[in-house]
Amino acid sequence: MKSLSAGTLELEVARGPVVESRHRVHGVVVDHSGTTLCWGDPDLRIWLRSAAKPFQAVPLIEDGAADHFGLSEEEIAVCCGSHNSEEAHIAVVRSMLAKAGVAERLLGCGPHPPLLASRRDAMAKNGTRPTPVMSNCSGKHAGMLVLAAFHGWPLDSYIRPDHPVQRRMRDEIARWTGVDPAGMPSEADGCGVPTFAITLRDLARGSARLAAASGSPGPARRVVDAMTRVPFMVAGSERLCTRLMAEERGRVFAKVGAEAIYMAGHPKTGTGVAVKVEDGAWRASPPALLAVLDRAGVLSSGTMGAVADFAAPVIRNTLGDVVGRMRIREVPCS
C-alpha cells in the first residue's frame, strides 16, 4: 500500500486577529487502489466509539434478522445512528423492538439528555426525564437485541463482552478493517457495550471496503442505502451527518463517533476516510471531516457552500454576537 503524507491539519479558533486555540487533526484517505493520503499520524491508535455503527449494522442483514422481522430502511438507518432523541427517532427504535417482540426495558444503554439542545431544553422545561430509549445509541442497542432475538441468544446479557452478539460485532469490525480480532483491544463504550481500538488507517481502510462493497447488491449496500436515503435517522436536526448525506444524495456516507472521530465513504470510487481530532474536541470534528473530504476530492460541487456553517463555524457570545471564527489551516511537511 502506497502512503503519501500531505502534512498536518489544524483547526484554529480565532477571536479577532489572535488565534485563541488550536486543535490538531489527523486524517486518512484510502482509495480503491489502496493508496493512502494522510495528514498527521495515520497509525494513531483510536477507539472506534460510534464510528463503528455502520459496520455493526451489517450482521442484522447478513444473518437474516432484518428480513425475518421486516425491518425498514428507517430502522436499519437508526441502528447506524447517534440520534438526537427526537420523537421520530424514538418511534423508530420502539418499532424495531416491537417487531422482534423485545421489551423496551431490556435496552442496556443508560439514559442521558438529548444531543439536540432544543430537545434537551424542552424536556427540562416539561420535567421529562430521559430513559434508555432516548439514548443516542438506542438504535444500535435495539439492533443488537433484534439480532439476539433472531438467533435465540440470551437477551438480558447482550451487552457483555463474551455474549455472542458482542463476539459477532468484534468479528465484523475485524473483517472490514483487516485487523486480527485477537489483537484488537476492547473496553466499555459510553453506552455499555464494548468498543474496539484500531488505527486511523484501519478505520479508513474499513470505510473504503464498505464503500466499495456498497456498489454491489448485498448487506453493505443496504446499510449504506439506509444511511443515505434516510439520513435523519443517523443523527437528526442540526447535525452534520444528516446534512452532509442529504446534500450529497447518496454519493457520500458519514458517521461521527465520540471524542471527535469520523468515518466516511464515497461508494462510486470506493474511497474511505477516517478523521480524529487529537484532543477529542467535539467542536473541531465537523470542520475537520469536511476539510479532509474536500481535499480528497469526493464532495460534489456546491456541497462545501451548502454546509458552510459546519465547515467554518462562527463563535457567538451570550448576546448572540459573532465574536470569533474557526478555520482549518494546512501545515506543509517540513
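A short tour of the structure in this document, coming up. (Residues numbered from 1 in each chain as written. Predicted model: local features only at pLDDT ≥ 70, side-chain atom pairs only at ≥ 80, totals over all residues. Heavy atoms only, no water.)

1. Topic: the overall build of the protein chain
Then step 1. For the protein chain, the helix and strand inventory stands at 13 helices and 12 strands.
Then step 2. Its C-alpha atoms give the protein chain a radius of gyration of 19 Å, within 12% of the compact-globule value 20 Å for 334 residues.
Then step 3. Overall, the C-alpha framework of the protein chain stretches about 60 × 55 × 35 Å when taken along its three principal axes.
Then step 4. Across the 334 residues in the protein chain, those meeting the buried criterion constitute 54%. (Helix = DSSP H or I, 4+ residues; strand = E, 2+ residues; numbered from the N terminus. Rg over C-alpha atoms; globule rule 2.2 N^0.38 Å. Buried < 20%, exposed > 50% of the residue type's maximum accessible area, 1.4 Å probe, protein only.)

2. Re the nonpolar core
Then step 1. Among the nonpolar cores identified, the biggest contains 107 residues, and L203, L210, L244 and L289 are the most heavily contacted of them.
Then step 2. Excluding anything up to four places from it in sequence, L244 contacts V252, A254, L289, L290, L293, L299 and T303. (Core = buried A, V, L, I, M, F, W, Y, C linked by side-chain atoms within 4.5 Å. Contact = heavy atoms within 4.5 Å.)

3. A look at the state of the cysteines
Then step 1. On inspection of all chains with the given rule, the structure shows zero disulfides.
Then step 2. With no disulfide of its own, C79 lies closest to C80 among cysteine sulfurs, the gap being 6.6 Å.
Then step 3. Residue C79 is classed as buried on the basis of its relative accessible area of 3%.
Then step 4. C191 takes part in no disulfide bond, and the closest cysteine sulfur to it belongs to C137, at a distance of 3.9 Å. (Disulfide = S-S within 2.5 Å.)

4. Brief notes about the packing of helix α4 (residues 87–100) against helix α6 (residues 138–151)
A pair of packed helices is characterised by two quantities: the angle between their axes and the separation of those axes.
Then step 1. It is the contact of α4 with α6, at a shortest axis distance of 9 Å, that shows an interaxial angle of 10°. Classified by the angle between their axes, α4 and α6 sit roughly parallel to one another. Counting all contacts with α4, which are made through V93, M96, L97 and A100, the residues of α6 involved are S138, G139, A142, G143, L145, V146 and A149.
Then step 2. The class makeup of the residues in the contact of α4 with α6 is eight nonpolar, three polar and no charged. (Axes fitted to C-alpha atoms, helices over the stretch in contact; angles between N-to-C directions. Parallel < 35°, antiparallel > 145°, perpendicular 65-115°, else oblique. Nonpolar A, V, L, I, M, F, W, Y, C, P; charged D, E, K, R; others polar.)

5. Describing the pairing of strand β4 (residues 36–39)
Then step 1. In this structure, strand β3 (residues 18–30) lies alongside β4, joined through four bridges in antiparallel fashion. If you follow G27 over to β4, its bridge partner there is W39.
Then step 2. Counted along the chain from β3 to the antiparallel partner β4, the turn is five residues long, and its residue G34 has a positive phi close to 95°. (Pairing = 2+ DSSP bridges.)

6. Comments concerning the sheet that holds strand β5 (residues 45–47)
Then step 1. Spatially, the three strands line up as an open sheet ordered β5-β7-β6, and their pairing is antiparallel. Sheet topology places β5 and β6 (186–188) at the edges, where each strand pairs with a single neighbour. Strand-to-strand, the axes of this sheet are offset by a mean angle of 30°, without reference to chain direction.
Then step 2. Bridge count between β6 and strand β7 (residues 194–199): three bridges; the pairing is antiparallel. Among the inter-strand pairings, A188 is bridged to a residue of β7, identified as P194.
Then step 3. Contacting β5 and β7, helix α8 (residues 200–213) runs over the sheet at an angle of about 100° to β7.

7. What about the layout of surface pockets?
Then step 1. Reported here for the largest pocket is a volume of approximately 520 Å³.
Then step 2. A per-element tally of the lining of the largest pocket places helix α10 (residues 240–248) first, with three residues.
Then step 3. Taken as a whole, the second largest pocket encloses approximately 250 Å³ of empty space.
Then step 4. If you trace the second largest pocket, you find 17 residues lining it, with R49, S50, N136, C137 and A258 closest to the centre.
Then step 5. When the residues that make up the lining of the second largest pocket are grouped by side-chain class, the tally is seven nonpolar, eight polar and two charged. (1 Å grid on protein atoms, 1.4 Å probe; cavity = no way out; pocket = protein on both sides within 12 Å on 5 of 7 lines; lining within 4 Å. Points joined across faces, edges and corners; volume = space filled by probe spheres on them.)

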